[in-house]
Amino acid sequence: MSTPDALAASPAGSAATDITAVSRAASAPVPRAPDEPATDDNGARPAANATLYDVARIAGVSTATVSRVVHGQDRVRDSTRARVRQVIEQLGYVPDGAAQSLSRRRKHIIGLVCVERLAPQQYDIESMSLLFYDEILRGVEQRIRDLNWSLLITYLREGSNADLARLHTLSGKVDGLLVGEGIVPPEELTRLAERMPVVAVSGDPTSQAADVVTADNRDGSAALVRHLVDVHVRRRIFHVDGPATAPDAKERRLGLSEVLQEHPRTALVGTYNGRFSVQSGVEAGELLLARRDDLPDAVVCANDQMAIGVLQALTRGGVRVPDDLAVTGFDDIFPGSLSHPSLTTVHQPMRLLGERACARLLERIAAPDLPPQVELLPTSLVLRRSCGCPAETPGRGRRHSSPIPVS
């Protein structure tokens, strides 16, 4: 994947909102990445290479603290301010030239860290979320295609401490990291963002650890459930949830709860904790078949793959969709349009997620002291037969979302 010599900035007109930089602990030093150049006895580098990250590491403070000292802001202890200024003078660090200094030691490589969720009877295409990350990858490639940059991709197994250790090795080989779907715990993400540019793709929109680019999952979920309630008069909802660690699943759950609170006559009659896989959807469908004398009006699934699994199980059990109940998904992956009946879902712009996250990462590589921000991308309804609509009924169009404030 090849690129030009200049570093592209993010296009104007972003839906992003600045968030106040998080005050981070100043006591823990920022570790040196494995491939960082060696320092002298005092931990200093040649002045030509000095960056904001170097100052933070040697002074033993966060990049946010260095930024506050550089810009003369309050909320910094006098002793800390003096130590940071001493390192700045020692390194010859010039804030206005941070981007130029950084460019002289760039590797022209960004990393993409993907999630691998292992489960019994699960296809590799699901455990590695290939349908999702293929679109993310295409978006990233769209952004770096005309630059002299390359992409390094790795998968981390969820819950593996050994894989998290690999992440630190990877961080020394790239200029910045795109981290997917909450695979890195918040405290670890905070430490990682202290030592290098990081953007969370489909991360928690309330996180203050790093920049986040994600779809407006809550708004999309709420729009879908409102459609079921208001248009199809579905009053008894069964929810097939996603993994507890997935930020997307959490936001979609909140969107469902929001609509239930708005409609007191609509009830959540059951929940199944799925794994974003077809098999976990089949298991949820079989659970429903075991209580077929008391079926819900609608099954709302946290992603399309689980919805497809529910459809498979219900069809085998003789339940008619949408006559007996409605089934919906989320994501708008291509197989959903081929299911029988075709799947009503919410479209999230996965390719644009990759493009916008990469654009933000390039911005942060060029200007490390930018305040963290969250960018929410709008979603839209895709109405098909599984909810009771005719095939490919026009949805409500793009729903332009307001950024979520983070205090």
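Residue indices follow the written sequence of each chain, beginning from 1 at its first position. Local features in this predicted model are restricted to residues whose pLDDT is 70 or higher, and side-chain atom pairs enter the listing and the counts only when it is 80 or higher, whereas totals over whole chains, interfaces and linings include all residues. Side-chain descriptors were evaluated using all non-hydrogen atoms of the structure, hydrogens and water having been removed beforehand.

(A) Up close: the overall build of the chain. Counting its regular elements, the chain contains 14 helices and 13 strands. Whether a residue is buried, partly exposed or exposed follows from its accessible area with a 1.4 Å probe, protein chains only, as a fraction of its type maximum: under 20%, in between, or over 50%, in that order. Burial status across the chain gives 56% buried among its 407 residues. The criterion used for residue contact is that any of the two residues' heavy atoms lie within 4.5 Å. Pairs at least 24 residues apart make up 73% of the contacts formed inside the chain by residues separated by at least 6 positions. Per the convention used, a helix needs a DSSP run of H or I reaching at least four residues, while a strand needs a run of E reaching at least two, with both numbered from the N terminus.

(B) Focus on the nonpolar core. We call a set of buried Ala, Val, Leu, Ile, Met, Phe, Trp, Tyr and Cys residues a nonpolar core when their side-chain atoms join them within 4.5 Å. Grouped together as the largest cluster of nonpolar side chains are 43 residues, with contacts concentrated most on I110, L167, L177, L178, V179 and V198. If you list the elements that add at least two residues to this core, you get β2 (109-116), α6 (130-144), β3 (150-157), α7 (161-171), β4 (176-180), α8 (186-195), β5 (198-201) and α14 (350-366). Considering each element in turn, this core owes the most residues, seven residues, to α14. Each residue touching L178, except ones within four places of it in the same chain, is listed here: I110, G111, L112, V113, V140, V199, V201, A357, C358 and L361. Counting 24 residues, the second-largest nonpolar core is a separate cluster that includes Y272, A284, C301 and L325.

(C) Representation of the packing of aromatic side chains in the model. Two aromatic rings, drawn from Phe, Tyr or Trp (for Trp, its six-membered ring), form a pair once their centres lie within 6.5 Å of each other, and the interplanar angle then sorts them: stacked below 30 degrees, edge-to-face above 60, tilted otherwise. Evaluation of the coordinates by the stated rule reveals two aromatic pairs. Note on F132 and Y133: the rings are 5.0 Å apart at their centroids and 80° apart in plane angle, and the pair reads as edge-to-face. You'll find F132 and Y133 in the same group, each marked buried. Taken together, a centroid distance of 6.0 Å and an interplanar angle of 80° make the contact between Y133 and Y155 edge-to-face. Highlighted residues: Y133 in helix α6 and Y155 in strand β3, separated in sequence by 22 residues. A relative accessible area of 17% places Y155 in the buried class.

(D) Layout of the sheet that holds strand β7 (residues 236-241). Two strands pair under a simple rule: DSSP has to find at least two bridges between them. Sheet architecture is open: four strands sit in the order β8-β7-β9-β10, paired in parallel fashion. The sheet is open, and its two edges are formed by β8 (267-273) and β10 (326-328), each paired on a single side. Strand-to-strand twist across the sheet, computed as the mean angle between neighbouring axes with direction ignored, equals 15°. For β7 and strand β9 (residues 298-301), the ladder comprises four bridges, and the chain directions are parallel. Opposite V240, over in β9, you have C301 as the bridge partner. On the sheet, helix α10 (residues 247-262) packs against β7 and β8 and is oriented at approximately 170° with respect to β7. Axes, fitted as lines to C-alpha atoms, cover a helix only where it is in contact. Angles between the N-to-C directions of the axes lie from 0 to 180 degrees.

(E) Quick look at the side chain of D175. Within the fold, D175 resides in the loop between α7 and β4. A positive count includes Lys and Arg, and a negative count includes Asp and Glu. His and the chain ends are not counted in either. When a carboxyl oxygen of Asp or Glu lies within 4 Å of a side-chain nitrogen of Lys or Arg, that pair is called a salt bridge. Buried and unpaired, D175 has no salt bridge, with K107 as the nearest side chain of opposite charge at 4.6 Å. A distance of 2.9 Å separates a polar side-chain atom of D175 from the backbone nitrogen of K107. Identification of polar contacts relies on pairs of N or O atoms within 3.5 Å, with a donor-acceptor requirement for protein atoms, meaning one able to donate a hydrogen and the other able to accept it, and with residues adjacent in sequence counted only if both atoms are side-chain atoms.

(F) Highlighting the pattern of salt bridges. Summed over the entire model, instances satisfying the criterion amount to 21 salt bridges. Close ionic contact of R138 with D134 constitutes a salt bridge, the shortest N to O distance being 3.0 Å. Highlighted residues: R138 and D134, both in helix α6, separated by four residues, approximately one helical turn. With a relative accessible area of 31%, D134 lands in the partly exposed category. Among the ionic contacts, a cluster of salt bridges with common partners joins D211, R360, E363 and R364.

(G) How the structure looks around unusual backbone geometry. In this structure, P322 follows V321 across a cis peptide bond, with omega equal to 10°. Each neighbour pair has its own omega, and for H340 with P341 the value is -5°, a cis peptide bond. Tracing the backbone through its elements, the reader meets P341 in the loop between α13 (334-338) and β11 (345-347). Despite not being glycine, V233 shows a phi value in the positive range, around 55°. V233 sits in the partly exposed class, given a relative accessible area of 48%. Here the phi dihedral of D332 falls at roughly 70°; this positive angle occurs in a residue that is not glycine. Tracing the chain through its elements places D332 in the loop between β10 and α13.

(H) Structural context of the environment of L381. Considering the arrangement of structural elements, one finds L381 in strand β13 (residues 380-382). Sequence separation between L381 and F330 is 51 residues, and the spatial gap between their C-alpha atoms is 9.2 Å.

(I) Summary view of the pairing of strand β6 (residues 211-215). Counting buried positions along β6 yields five of five residues, so the element is predominantly enclosed. Going residue by residue along β6, you find D211, V213 and A215 tucked away on one face and V212 and T214 tucked away on the opposite face as well. Relative to β6, β5 is paired through three bridges, and the arrangement is parallel. Along β6, the bridge assignment pairs V201 with V213. Bridge analysis of β6 against strand β12 (residues 373-377) gives four bridges, and the strand direction is parallel. Bridge pairing links T214 to L376 in β12.

(J) Quick look at the state of the cysteines. The disulfide criterion used throughout: a pair of cysteine sulfur atoms within 2.5 Å. Counted under the stated rule, the structure contains zero disulfides. For the unlinked cysteine C389, the closest cysteine sulfur is that of C387, found at 3.6 Å. Residue classification places C389 among the buried residues on the basis of a relative accessible area of 8%.

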